[in-house]
Amino acid sequence: MLKNYLTSVWRYISRNKTFTIINVLGLAIGITACLLIAQFVAHEYSYDKFLDNNNRIFRIQLDRYNKGELSTRWASGCLGIGPDIKANFPEVDRYVRLAKSNALLAHGDVFFKEENVFYASADFFRIFSIPLVEGEDSTVLKEPYTMVVSRSLAKKYFGDENPVGKSMRNNGRVAYVITGMFEDIPETSHMKIDALLSFATYAILTGRTSEAELNQWQWDGFLTYILLNSNANAIALESKLPAFVEQRAGEDLKRSESGMVFHLQPISDIHLDSNFIGEFKPNGDRSTVKFLSVVAILIILIAWINYINLSTAKSIERAREVGVRKVMGGFRFQLVQQFLFESLLLNGVAVALSIVLVALLTPWFSQLTARPIDLTLLKGPMFWFWTMLMVLGGSLLAGIYPAFVLSGFRPVEVLKGRFKNTGQGVLFRKGMVVVQFMASIALIVGTFTVYQQINFMRTQRLGVNIDQTLVLRSPNIVDSTYQNKFMAFKQQVLQYPEVSAMSASSSVPGRSPDWNAGGVRRLSQREDEANQYRVIMMDHDFVQSYGLEVVAGRSFSDEVAGDEQTVMLNESGAKLMGFTNLEEAINDRINFWGDTFRIVGVVRDYAQESLKKSYEPLVFRYSSAPGGFYSIKLNTQTVNESMVRVESLWKEFFPGNPFSFFFLDEHYNQQYQADQQFGRVFGLFSGLAIFIACLGLFGLSSLTAIQRTKEIGIRKVLGASVPGILRLVSKDYLMLMTIAVVLAVPLAWWVMSEWLQEFASRIALSWWIFALPSLVVMLVAFATISAQIIKAALVNPVQSLRYE
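First, a word on scope: everything that follows refers to the structure included in this document. In this convention, every chain numbers its residues from 1, walking through the sequence in written order. The model is predicted, so local features are restricted to residues of pLDDT at least 70 and side-chain atom pairs to those at 80 or more, both for listing and for counting; the totals for chains, interfaces and linings are taken over all residues. To obtain the side-chain values, all non-hydrogen atoms of the structure were included, while hydrogens and water were left out.

1. Focus: the environment of G393
Test applied: Counting from the N terminus, the helices are the DSSP runs of H or I reaching at least four residues and the strands are the DSSP runs of E reaching at least two. Burial classes follow relative accessibility: with a 1.4 Å probe on protein chains only, a residue under 20% of its type's maximum area counts as buried, one over 50% as exposed, and anything between as partly exposed.
Within the element layout of this structure, G393 appears in helix α14 (residues 381–407). Residue classification places G393 among the partly exposed residues on the basis of a relative accessible area of 32%. C-alpha of G393 to C-alpha of N347: the two residues are 46 residues apart in sequence and 9.7 Å apart in space.

What follows is the structure, given as structure tokens:
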């Protein structure tokens, strides 16, 4: 029986090479796209799953409210929340808190500025199961002036030597003894850490050594994680936190009309659901994963619909085969088996081809998505389980309808040549074509919208000039002469003809301000009218260097005495402070950081961060030499030569500090990198969906041309023109395309409207955003149909009338 089935399938393939190739190619492309997306989705969901007890580890995330409205959302929280929760809730086994270190590590003559160094309390390695190559998890971070390094950082400073017992300096002052070395944290972690310094050292350096000082709630910026015991309920614990906050800090919060709400974030959800202030690194996005998952499902469905359509459409050519088999004694269930076997074989070939394509395309796909995706998924048993399920499910889904349609033909009608496609069968195929192109049009509209939004953000007026800006990270190792050195360094840099301006600041555009100030109010306001602001320190050249527009008052000046006690606001900050007329703000005094400052100017709102965010209220404080960043404006194309000159000068003024720099436009646009990658991936697979749908349409139109060969020949004999025949045959398909557009546009509008809600500055969904992609799809579909119909119409009518 199996041999008979194989012989039958081989004969069918030999006689229908074009349609078999279309079927297998469509399925293979669809399955390849589905598997590539599945690899990406599996990678995104794998973050932090490598940790033991990952279902019991939670991060304490803080939302701050101002007068009942959500003002800021922090990955980090207050200093004392960890020990207080541990002491008051028996559900908590352990806690660990981390604080970022602005580190410049050195060993001997080797020194580097390190971005991923943190102070950590003693239980870090008892909560996070990151393997320690050297050292004991309970003691490596217990004592002051101790540190633990990653394997790669140890290699960087010590080569192949064992680093344990050796010492390193941080910022040229404090020496740490290395007590342990840990394996590099996998890429599939939301954390990015190269070295850990003991939190006991942090307490000493900041002068907070008593238990009461280390349990303060007025000091923010500390990442806190807790490990719950095996019987604890995280939701129940989180529900107890509001009452605990009220008990611990209620009076202070009431006086300032502010609020604190703590949430317990499961560690395995952080990568996809968390993009708050103070994250280790940019995280992923769950909506992106869901979008691509839907795209994968749509693509594989489009591919299977192609198979169903082409198989049922070919049924009229296989009708005599079915009739003869039934006359010769074939039972219906045997015919169903034969056609299902044929579907299984074609699906199996398509899957085998797709696995080869996935293996070849994965390195390229990894670069496209900027994720370290490899073939690990293909090596797991679950992959093969789902692959076999896909083959069987796809074979059943794609083969069951054609099998029952073909096997249900009546032999008498078929062998007399009176068989016609049933109305139900034609209607079914038309419905499948509409579904295919409805999905394809929705995907293309989505892709077009994503590209338009990204382009809008990149070309929108920012209100700040980021072009031709070289940014240096300020030196870590400084002494009492730093201010004089900085001023001398600045003066010499400004003497270079290719430098048009230079300024120093605690933050630069494209970076979230590091400082947050609560309780800021006008002296004429009550304490309960105070608000929260983000704070940037700047020198007197910052406003001019970045082209900020002063809409009221003046900018800072180094020629005006006492400007150290002045501040500037942005428009949002002035409005939040209650000024209806910006001129009213000038010379008004505010309470800020426990001192009194005078407002000297207001600048127009500008995009300090991504246009996905709304303008935040900012306070600018003057300093003649703030630490953080030096912004150098260049007016030359010979950037490399300028950098060599600046670097030489840097080494002269700030020896022992690495020359660390970036270009601001590239840094700023990194905020949109994830959206751009999503747009490229989404666009690629949407294009594949259109290609597969057109592949099926090509097959259907080819089959239509074959089945209507005699009709076309007769019409030509009677005087019909080629354009007339094209209109006659293609009008049904164009009607299906029109129905697909009518159904797809509302669906695409709803989905993309929801997606655009994530952006504070966004495009309007104009009619042409839907019309242009729909027109493109219809033109591609019409070209696909026309090629086959015109080919059939150009055949000599004599040959057409001899067909069959």
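The structure having been displayed, the exposition proceeds.
2. With respect to the side chain of E279
Selection rule: Two N or O atoms count as a polar contact when they lie within 3.5 Å, although within protein this holds only if one can serve as hydrogen donor and the other as acceptor, and sequence-adjacent residues are included solely when both atoms are side-chain atoms. Working rule for contacts: check all heavy atoms of both residues, and any pair within 4.5 Å makes them a contact.
Locating E279 in the fold gives a position in the loop between α9 (270–273) and α10 (286–313). Here E279 falls in the buried class, since its relative accessible area comes to 17%. Within polar-contact distance, the side chain of E279 engages the side chain of R59 at 3.1 Å. Looking at E279, its side chain comes within polar contact range of the main-chain nitrogen of F276, at 3.2 Å. Each residue touching E279, except ones within four places of it in the same chain, is listed here: R59, A75, I270 and S274.

3. Considering the pairing of strand β12 (residues 223–228)
Moving residue by residue along a regular strand, the side chains alternate between the two faces of the sheet. Condition: One bridge is not enough; two strands pair if DSSP finds at least two bridges between them.
Counting buried residues in β12 gives six out of six residues, a clear majority hidden from the surface. The pairing of strand β1 (residues 57–66) with β12 spans three bridges and is classified as antiparallel. Each residue of the ladder has a partner; that of I57, found in β12, is L227. Inspection of the sheet shows strand β3 (residues 92–100) paired to β12 by six bridges, in the antiparallel sense. Within the sheet, the bridge partner assigned to R94 lies in β12 and is L227.

4. Some remarks on the packing of aromatic side chains
Applicable threshold: Two rings from Phe, Tyr or Trp (for Trp, the six-membered ring) form a pair when their centres are within 6.5 Å of each other. A pair whose planes differ by under 30 degrees is stacked, one over 60 is edge-to-face, and the rest are tilted.
Counted by the stated rule, this structure contains 43 aromatic pairs. Arranged with centres 4.9 Å apart and planes meeting at 45°, the rings of F486 and Y630 form a pair that is tilted. Residue F486 is located in helix α17 (residues 482–494), and its partner Y630 is located in strand β23 (residues 629–634); the two are separated by 144 residues in the primary sequence. Here F486 falls in the buried class, since its relative accessible area comes to 0%. Geometrically, the ring pair formed by Y606 and F620 is stacked, given 6.5 Å between the ring centres and 20° between the ring planes. Taken together, the residues Y606 in the loop between β21 (595–603) and β22 (618–622) and F620 in strand β22 connect sequence positions 14 residues apart. According to the relative accessible area criterion, Y606 is buried, its value standing at 3%.

5. As for the pattern of salt bridges
We count it as follows: Any Lys or Arg side-chain nitrogen found within 4 Å of a carboxyl oxygen on Asp or Glu counts as a salt bridge.
Under the criterion given, the structure shown has 29 salt bridges. Between R286 and D273 there is a salt bridge, and its shortest N-O distance comes to 2.7 Å. Taken together, the residues span a long stretch of sequence, with R286 in helix α10 and D273 in helix α9 at a distance of 13 residues. Two residues, K613 and E609, come together in a salt bridge whose shortest N-O distance is 2.8 Å. On the basis of relative accessibility, which here comes to 12%, the residue E609 falls in the buried class.

6. Observations regarding the packing of α17 against helix α21 (residues 639–653)
The condition is simple: Fitting a line to C-alpha atoms yields each axis, with helices limited to the stretch in contact; the angle taken between N-to-C directions then spans 0 to 180 degrees. Reported orientations rely on four angle classes, namely roughly parallel under 35 degrees, roughly antiparallel over 145, roughly perpendicular from 65 to 115, and oblique for the rest. A crossing counts as left-handed when the near helix is turned anticlockwise from the far one by less than a right angle, and as right-handed when that turn is clockwise. Throughout this entry, Asp, Glu, Lys and Arg are counted as charged residues, while Ala, Val, Leu, Ile, Met, Phe, Trp, Tyr, Cys and Pro are counted as nonpolar. The remaining residues, Gly among them, count as polar.
As a packed pair, α17 and α21 sit with axes 11 Å apart at the nearest point and diverge in direction by 160°. Judged on the interaxial angle alone, α21 and α17 are roughly antiparallel. The element α17 and its partner α21 pack so that their crossing is right-handed. Listed contacts from α21 to K485, A488, F489, Q492 and V493 of α17 are V646, L649, W650 and F653. Among the residues forming the contact of α17 with α21, the class breakdown is seven nonpolar, one polar and one charged.

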